[in-house]
Amino acid sequence: MGLCIAGTPGTSVAYASDSSTSANPVVVWDRNAQTAIWDVAGQQPQVQARSFAMVHGAVYDAVNAIAGTPYQPYLIAPAARGTESTGAAVATAAFRVLSSLFPDQQARLTAQYDDSLAEIPDGEAKRRGIAVGARTAAAMITARRDDGAFGDQTWTIGSGPGQWRPTPPTFASDGAWVGHLKPFLIPSASMFRTSGPPSLTSDRYARDINEIKEIGSAASTTRTADQTQAAIWWHDRHLAEWEIKRQLATTQRLNALQAARMFAMVDLAEADATTACFNEKAAWHFWRPVTAIQQADTDGNPKTTADPAWMPLLVTPPHPDYTSGHTCFTGASMSALAYFFGRDDLSFSGFSPASGTRRYFHGFSQALAEVVNARVWGGIHTRTADVQGAKIGKQVTRHVVTHYFRPRR
C-alpha cells in the first residue's frame, strides 16, 4: 500500500452497502462539470484543476451540511435540518459555480440544471436544498475572487545552459500564473520547495538525459509499443483521471456524502499540487529535454553528447521541465484516493481518445509509477522532474488529509 498514509487520523469508511450510485448527483454533476470545463471550454490541465476544485469544494460543503456536518466543512456549513434535498443542493452548488466560471455557457448549463431539478419533487425539501447549494456556491465564488487566476506572470526565458526557453515545434510560453495562484488548502505554494534539479555536470543529470534521449525520442527503437501507448494515454488533455474517480465512486458504491468528500479531497489536493509544481517551475526555470539534448555540447558534462536534430515523441508543453505537472497532479490524486479508501489494491481503468486505448490498473501506486515512466517515454520530462513532482503531490495530500475533511466526532 505504497500511497496509503499510515497513521493519519480520519481515514474514511468509504463503503455504503445500501447505497445505489447509478444516479448519484455528485457523479452526475462531475460529468456535467467535465462537459463545461473540457468538452466545451477546452481548459488545459493546470486550469482544469482550479475549476474542478471550485465545483467540488462547494458541492462537498452543501452535502456535508445537510448530513449534519459530520466532517470539517471546507468553507462554510449552512444551517440545515437534514431533510433538505441533497440532489437539489448538489445541482445548485455545481451549477452556480460553473455559471460563474463559464458565463458564455449559461444556456446549456441552465438546461442541465433544469433537467436535474425536474427529477426532484417540488416542495420544502427541494427549496431548502436549493438554498443550501446556493450558499455554498456563493461562498466558493467569493473565496476565489481575485485569487490570481489568469494573471499576467510570464516564464523567465534564458539562453544559457540549463535555462528554460520555448521549445519546438510550437515555441509557446503559457501558464506561469498557475504558480502564483492562491492555494485552496496549503498555506503557501512554495511550502514544499525542493533543492532543485541536478547539477548539469552531475552523474544523475547525465543519466536523466541519456535515458530520455534513447527511449523518449520520436525515432526511438528502444521504446515498446505499450510504452508508446502509455506515453500518449497519460499526455491526453482529456484526463482519464476524471473517469477513474467517477468509476470508483460507482464501483465502490459511494453514497452522496462519501462521493462529495472523495471528490473534494482529491480535486482540491490536485489543484494545490499543481500550483506547488508550477511555483517550483518558476523557481528553477529548468530547460526541457529537447533543449538539453539538442544543446548538450554546452552543458559541461562529458557524459552527454548533443544531437541537434533530436525531437521527443510528444509535443513539449509550454513551461519548464522541473517539476513535472502531471506527476504532481497524479501524485496528489492517487495518494488521496489511497487514503480515502484505506487501501492500494482497487482495480480501475480509463480510456484515452488520444491513444484510442483503455489502460487498466490494479492499484493507485501502480498508476503513479506508470505516469512517472510515461513522461520519460514521451520525451518531455526528465526522470528527476517526474519523481520530485510525484513527491510534491504526495506531500500536498499528506497536508490536506491531516488538516482538512476530517471527522468532527
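As the structure is a computational prediction, the values presented were derived from the model and not from experiment. (Residues numbered from 1 in each chain as written. Predicted model: local features only at pLDDT ≥ 70, side-chain atom pairs only at ≥ 80, totals over all residues. Heavy atoms only, no water.)

A.B. asks: So what's going on with unusual backbone geometry? Residues and values would help.
C.D. replies: With omega at 5 degrees, the peptide bond leading from P168 into P169 counts as cis. Relative to the elements of secondary structure, P169 occurs in the loop between α5 (124–143) and α6 (203–215). Put simply, Y322 and T323 share a cis peptide bond, and its omega is 5 degrees. Within the secondary structure, T323 is located in the loop between α10 (289–294) and α11 (325–341). Even without being glycine, D146 reaches a positive phi, approximately 60 degrees. Relative to the helices and strands, D146 resides in the loop between α5 and α6. In this structure, H285 takes a positive phi of about 30 degrees despite not being glycine. Note that H285 resides in the loop between α9 (256–284) and α10. The class for H285 is partly exposed, based on a relative accessible area of 23%. (Helix = DSSP H or I, 4+ residues; strand = E, 2+ residues; numbered from the N terminus. Buried < 20%, exposed > 50% of the residue type's maximum accessible area, 1.4 Å probe, protein only.)

A.B. asks: Can you lay out the packing of helix α1 (residues 25–40) against helix α3 (residues 86–101) for me, pointing to particular residues and giving the numbers?
C.D. replies: Where α1 meets α3, the closest approach of the two axes is 9 Å, and the angle between their N-to-C directions is 15 degrees. Relative to α3, the element α1 lies roughly parallel. When the axes of α1 and α3 are compared, the crossing they make is right-handed. Mapping the contact onto sequence places P25, V26, W29, N32, A33, A36 and I37 in α1 and G87, V90, A91, A94, F95 and L98 in α3. (Axes fitted to C-alpha atoms, helices over the stretch in contact; angles between N-to-C directions. Parallel < 35°, antiparallel > 145°, perpendicular 65-115°, else oblique. Left-handed = near helix turned anticlockwise from the far one by under 90°. Contact = heavy atoms within 4.5 Å.)

A.B. asks: Lay out the environment of A139 in plain terms, naming residues and giving numbers.
C.D. replies: In this structure, A139 sits in helix α5. Among the residues examined, A139 registers a relative accessible area of 18% and is labelled buried. Discounting chain neighbours no more than four positions away, the residues touching A139 are L75 and I76.

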